[in-house]
Amino acid sequence: MQRRVILETVLEFDNHPSADQIFDAVEDRLPGVARTTVYRTLDHLARMGVITKACHPGRVARFDPRLELHHHLVCLRCNEFFDFEDDGLNELKIPDTSAFGFEVNDYRVQLRGICQTCREREKKEESK
Ligand SMILES: [Zn+2]
Ligand SMILES: [Zn+2]
């Protein structure tokens with residue numbers, strides 16, 4: 001029951017919510033729910049492959065309701081994640097990782113940099 005509410009909440013976000021953002025939204029629906037319950041359920045859903053855990057350069061884990069192959073533009077200033085599609089990236093040849101005993105299931109390319117909003121803000125600050 002709780003799990004379904006948590007999953008529905010994640011699916012309503014359209015842009016890579018952090019665990020904290022998900023918790024805030026779940027709390028509106030399940031008053032009194034424990035933060036650890038929400039976090040544990042998110043990890044569980046990610047392990048089941050219902051959502052994916054998008055890796056993040058900062059300390060905050062982000063969750064992604066989109067399972068199909070796509071990539072991300074990650075802003076190093078505001079930590080925002082944007083979905084990014086590119087045929088060339090979709091066709092990347094996955095290197096052989098068997099020497100590491102590692103089996104690749106999936107990949108996402110993260111292009112890291114500064115988003116438009118942050119660039120415009122910085123430009124304004126510079127011209128002050
Ligand atoms: Zn930004
Ligand atoms: Zn995504």
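Quick note: structure is the one above.
Position numbers for residues count from 1 along each chain, tracking the sequence in the order it is written. Lettering of chains starts at A and numbering of ligands starts at 1, both following the order in which they are written. Two thresholds apply to this predicted model, a pLDDT of at least 70 for residue-level local features and 80 or more for giving and counting side-chain atom pairs, whereas whole-chain, interface and lining totals are computed over all residues. Remark: hydrogens and water are excluded; side-chain values derive from all non-hydrogen atoms of the structure.

Chemist: Requested: an account of the coordination of the zinc ion (ligand 1), with residues and values cited.
Modeler: The zinc ion (ligand 1) binds to the protein through C75 (SG), C78 (SG), C115 (SG) and C118 (SG), with metal-donor distances spanning 2.3 Å. Donor residues for the zinc ion (ligand 1), ordered by position in the chain, follow C-x2-C-x36-C-x2-C. Residue C78 is found in the loop between β3 (71-75) and β4 (81-84), and its partner C118 is found in helix α5 (residues 116-127); the two are separated by 40 residues along the sequence. Donors, by definition, are the N, O and S atoms found within 2.8 Å of a metal, the threshold being 3.2 Å for Na, K and Ca, and water is not counted, so a site can look incomplete. Only DSSP runs of H or I covering at least 4 residues are called helices, and only runs of E covering at least 2 are called strands; the numbering of each starts at the N terminus.

Chemist: Break down the coordination of the zinc ion (ligand 2) for me, citing the residues and quoting the values.
Modeler: For the zinc ion (ligand 2), the protein coordination sphere consists of H16 (NE2), D64 (OD), H70 (NE2), H72 (NE2) and D83 (OD), at 2.1 to 2.2 Å. Positions of the donor residues of the zinc ion (ligand 2), expressed as sequence spacing, correspond to H-x47-D-x5-H-x1-H-x10-D. Remark: D83 occurs in strand β4 and D64 occurs in strand β2 (residues 62-64); sequence separation between them is 19 residues. Look at D64 and you get buried, because its relative accessible area is 1%. Burial classes follow relative accessibility: with a 1.4 Å probe on protein chains only, a residue under 20% of its type's maximum area counts as buried, one over 50% as exposed, and anything between as partly exposed.

Chemist: Kindly report on helix α2 (residues 19-29), identifying the contributing residues and their values.
Modeler: Of all the positions in α2, only A19, I22, F23 and V26 are classed as buried. Mapping the buried residues of α2 onto a view down its axis gives an arc of 100°, with all of them on the same face. Where α2 is buried, its residues touch α1 (2-12), α3 (35-48) and β2. Comment: arc refers to directions from the helix axis out to C-beta atoms. We call two residues in contact when some of their heavy atoms are within 4.5 Å.

Chemist: Provide a residue-level description of the side chain of T52, including the pertinent values.
Modeler: Residue placement: T52 occurs in strand β1 (residues 52-54). Its relative accessible area of 15% is what places T52 among the buried residues.

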